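# Reading the structure
These are the residues of each chain, in order.
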Amino acid sequence: MSRVVIAKTGLDGHWRGTLLVSRALRDAGFEVIMLGMARGEDIVSAAVDEDADLVGLNVGGRVEVVERILDDLAVAAPGVPVFVGGVVPPWVRRRLEARGVEVYPPGSKLEAIVAAARRLTRGSPPPSARPDEPPQDRNE
Amino acid sequence: MTDERRTASGIPVKGHYGPDDVPPSAREALAAGPGRAPFLRGAYEGMYRTKPWRIFQLSGFGNPADERERLLFLLRQGEGGIIMEHDRNTADHLYNVDHPEVVARREDVGLTGAVIIGVRDYETILEGIPIEDIYTHPGGAVVQHAPFALACFWTVAKRRGIDLRRLAGTGQSDFFLTYVGCITKQQIPPHAGLRLNGDITEFCLDHLPRWVPVSIAGYNGADSGLSAPDELATVFATAVEYLDALAERGRYEPQELSHKVGGVNFRVGMDFFEDIAKLRAARKMWAELLERRYGIRDEKARQLRIHVVTAGSALTYQQPFNNIARGTIMALASVLGGVQSLGVACYDEALSIPSEHAHQMSVRIQQILQHETGIDAVADPLGGSYYLEALTSELEARAWESFDEIQQQGGFVEALDSGWLHRRAARRQSEQWDEVESNTRLIVGINCHEIDETPFEIDGFQGTTDAWDQAMARLAEVRSSRDGAAARRALRELERVCRSNENIMVPMMQATDADVTLGEIGDVFRDVWGDWEPPIRP
């Protein structure tokens with residue numbers, strides 16, 4: 001059974017999204033470790049200690065906080081994929097996608113999130129990935 | 001496809017309605033007219049002819065100077081009052097900016113509200129703003145933060161020589177935001193919150209006759225999943241809990257208290273008629289509840305005043321300008337339901353905190369309704385509609401059933417503490433989202449009329465990026481320049497009163513005036529009351 005750590009990076013306590021996603025993943029057969037609002041160091045140690053196959057970050061804050069966690073995870077738990085949901089404005093989304101993190105903004109379907117979790121825990125690339133086309137910034 | 005239709009809360013809806021669908025109780029309530037109990041048709045006789053609804057938007061981000069600038073902008077746009085929104089990391093948690101939980105997320109600081117260390121920051125924000133003439137919500141939406149936020153604002157007034165009796169505004173200290181909708185990492189338990197809200201209410205009765213001490217905000221329950229009947233039921237279940245606790249203290253009678261507790265908030269979402277019906281039912285339920293439960297006959301004591309915030313959860317990340325249309329529709333429903341004040345969630349809600357432009361649009365939507373449509377001319381213009389009256393009555397009946405269920409749980413605080421309320425909200429939220437995923441409920445841009453690329457993309461407001469650094473500098477400045485002995489004395493007195501039955505607002509006013517900081521108040525509260533364990537399980 002694949003293990004997914006779900007955490008909120010910020011101190012904003014809106015819990016609707018993480019609960020919906022956690023339950024959908026659990027119903028789809030994942031073992032979900034729900035950390036709630038957690039500091040970067042706690043997310044990293046949970047990913048290691050729980051031997052996570054995937055980390056899901058719910059973001060309600062700044063991209064710099066997320067990036068610090070991604071950097072720390074890359075060192076402590078290399079190869080463990082991360083996906084992100086929450087209030088992620090388009091420019092942040094592009095920045096995270098550029099480093100290979102999949103982003104599921106508000107309105108994303110749970111079936112798409114579950115499918116992503118299955119794919120990411122199997123280690124396959126996203127179906128939409130176009131290897132010869134890097135993500136485009138449409139404002140450029 | 002089936003022809004069966006239901007409202008958002010699941011009430012079956014027929015294809016058309018006639019006179020037989022209006023129950024006798026509704027006819028009686030209709031006959032009373034607006035401004036008369038049970039207030040089905042409006043809180044005031046003249047409604048918007050005598051008093052237009054107040055345009056009342058949430059705002060705040062970054063440094064105190066940023067918040068001041070945005071408040072002045074909104075006032076220039078024609079806002080009728082100010083709502084100061086504070087940083088969730090610090091304010092909601094009563095953490096100073098050097099708390100380890102905050103340092104770990106320092107870049108987040110100031111993103112969701114202005115960072116306030118103490119009364120000096122309030123002075124910066126309010127500089128040049130004539131607070132004696134402006135209806136103000138000075139923050140303190142979250143329960144443990146409210147006494148400090150209110151005391152800071154009132155202290156600014158006192159320092160300016162303004163008699164507190166002149167100030168008009170509202171507190172919030174809302175159990176729905178704090179314990180249901182947006183649960184903080186650390187929070188004093190609900191029983192302590194109940195005591196603080198009682199202290200604020202009595203302090204206002206003693207010193208601030210024009211102030212609404214606390215405002216029960218059904219919005220935060222509804223946006224977490226509670227249905228319209230549950231929103232009505234839980235708001236009034238909270239209100240009776242407040243009234244019972246205050247009556248037990250023995251200083252004021254329920255009749256003196258009910259008007260103070262009767263300034264409440266509801267969410268209006270996209271089910272147009274159901275939410276109009278909800279606001280009408282709310283007034284009637286409150287008037288009848290106060291008479292039945294406390295024997296209050298006085299009409300003014302039973303008059304419910306309603307603030308609405310349109311549903312943030314109804315707004316989409318996809319094709320964000322569609323949210324201007326949604327905001328307009330929800331604002332229209334709110335006005336047809338007879339609100340006293342209204343905040344329209346901004347079109348960039350799903351992306352960021354509001355940009356100036358998004359804020360301006362939320363104000364303009366309301367001004368267009370006020371000036372161009374004529375809907376302000378007649379009170380309760382839809383009153384007497386067969387459908388609306390049938391729906392209002394049905395909603396009321398279901399809300400009373402839900403109210404009784406909550407009482408069977410041991411009352412609102414028990415239902416909250418046990419997680420019963422959260423489970424109920426989560427179940428419905430999940431059902432609603434299932435309807436979207438299975439396309440039985442359509443949302444433009446989500447499961448129909450989607451587009452991959454939008455020519456009208458917006459990036460979301462980015463706010464200020466130096467709020468944490470600036471706040472660290474202000475914190476050091478406050479610590480070094482204040483009278484340290486006075487601050488320590490004030491904190492000791494606050495702690496003593498927290499452990500007694502005296503009103504904490506008295507030492508809280510002294511503490512804010514002595515430049516005590518947010519985090520120091522939090523340390524006292526945590527020492528005295530400890531932490532609440534949220535009953536949410538995956």
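## Some points on the sheet that holds strand β3 (residues 54-55) of chain B
Residue and element names in this part refer to chain B. Read from one edge of the open sheet, four strands run β3-β11-β10-β9, paired in parallel fashion. Each end of this open sheet is capped by a strand with a single partner; those strands are β3 and β9 (263-268). Helix α13 (residues 322-336) contacts β9, β10 (305-310) and β11 (341-343) of the sheet and is inclined by roughly 170° relative to β10.

## Quick look at the interface of chain B and chain A
The interface of chain B with chain A comprises 48 residues on the first partner and 38 residues on the second. A buried area of about 4,000 Å², summed over both sides, lies between chain B and chain A, and 54% of it is on carbon and sulfur atoms. Here chain B is connected to chain A by four salt bridges. Glu101 of chain B is the partner of Arg39 of chain A in a salt bridge, and the nearest nitrogen-oxygen pair spans 3.1 Å. On the surface where chain B and chain A come into contact, there are 21 residue pairs in polar contact (both at pLDDT 80 or more). Those elements that provide at least two residues to the side of chain B that touches chain A are α3 (88-92), α4 (100-103), α7 (175-181) and α17 (420-437) of chain B. By residue number, the principal contributor to the side of chain B that touches chain A is α17 of chain B, which donates six residues.

## Some remarks on the environment of His357 of chain B
Examined against the element boundaries, His357 of chain B turns out to sit in helix α14 (residues 356-372). Sequence spacing of His357 of chain B and Gln340 of chain B is 17 residues, and the spatial spacing of their C-alpha atoms is 24 Å.

## Considerations on the domain arrangement of chain B
Residue and element names in this part refer to chain B. On domain assignment, one finds that chain B holds domain 1 (5-62 + 216-450) and domain 2 (63-174 + 191-211 + 472-538). The gap between the C-alpha centroids of domain 1 and domain 2 is 28 Å. Summing both partners gives a buried area of about 3,500 Å² for domain 1 against domain 2, and 55% of it is carried by carbon and sulfur. At the boundary of domain 1 and domain 2, one finds four salt bridges. For the interface between domain 1 and domain 2, the tally reads 24 residue pairs in polar contact (both at pLDDT 80 or more). Going through the elements one at a time, β3, β4 (58-59), α10 (228-249), α11 (254-261), α14 and α16 (412-417) are the ones with two or more residues in the side of domain 1 that touches domain 2. A per-class count over the side of domain 1 that touches domain 2 returns 16 nonpolar, 13 polar and nine charged.

## Here we look at the environment of Glu102 of chain A
Looking at the element boundaries, Glu102 of chain A is found in strand β5 (residues 102-104). Along the chain, Glu102 of chain A and Arg26 of chain A lie 76 residues apart, while their C-alpha atoms are 20 Å from each other.

## Some thoughts on the nonpolar core
Of all hydrophobic cores here, the largest spans 141 residues; its most connected members are Trp154, Phe236, Phe266, Ile521 and Phe525 of chain B. Tallying contributions element by element places α10 of chain B first for this core, with eleven residues. Summarising the domain contributions, this core has at least three residues from each of domain 1 (5-62 + 216-450) and domain 2 (63-174 + 191-211 + 472-538) of chain B. Once residues within four sequence positions are removed from consideration, Trp154 of chain B is found in contact with Leu164, Leu167, Phe203, Cys204, Leu208, Trp211, Met505 and Met509 of chain B. If you look at the next biggest cluster of nonpolar residues, it comprises 27 residues, including Val5, Leu57, Val65 and Leu96 of chain A.

Basis of the calculations
- Residues numbered from 1 in each chain as written.
- Chains lettered and ligands numbered in written order.
- Predicted model: local features only at pLDDT ≥ 70, side-chain atom pairs only at ≥ 80, totals over all residues.
- Heavy atoms only, no water.
- Pairing = 2+ DSSP bridges.
- Helix = DSSP H or I, 4+ residues; strand = E, 2+ residues; numbered from the N terminus.
- Contact = heavy atoms within 4.5 Å.
- Axes fitted to C-alpha atoms, helices over the stretch in contact; angles between N-to-C directions.
- Buried area = accessible area lost by both parts, 1.4 Å probe.
- Salt bridge = Lys/Arg side-chain N within 4 Å of Asp/Glu carboxyl O.
- Polar contact = N/O pair within 3.5 Å; in protein donor to acceptor, adjacent residues only side chain to side chain.
- Domains from an automatic or database assignment.
- Nonpolar A, V, L, I, M, F, W, Y, C, P; charged D, E, K, R; others polar.
- Core = buried A, V, L, I, M, F, W, Y, C linked by side-chain atoms within 4.5 Å.
- Buried < 20%, exposed > 50% of the residue type's maximum accessible area, 1.4 Å probe, protein only.

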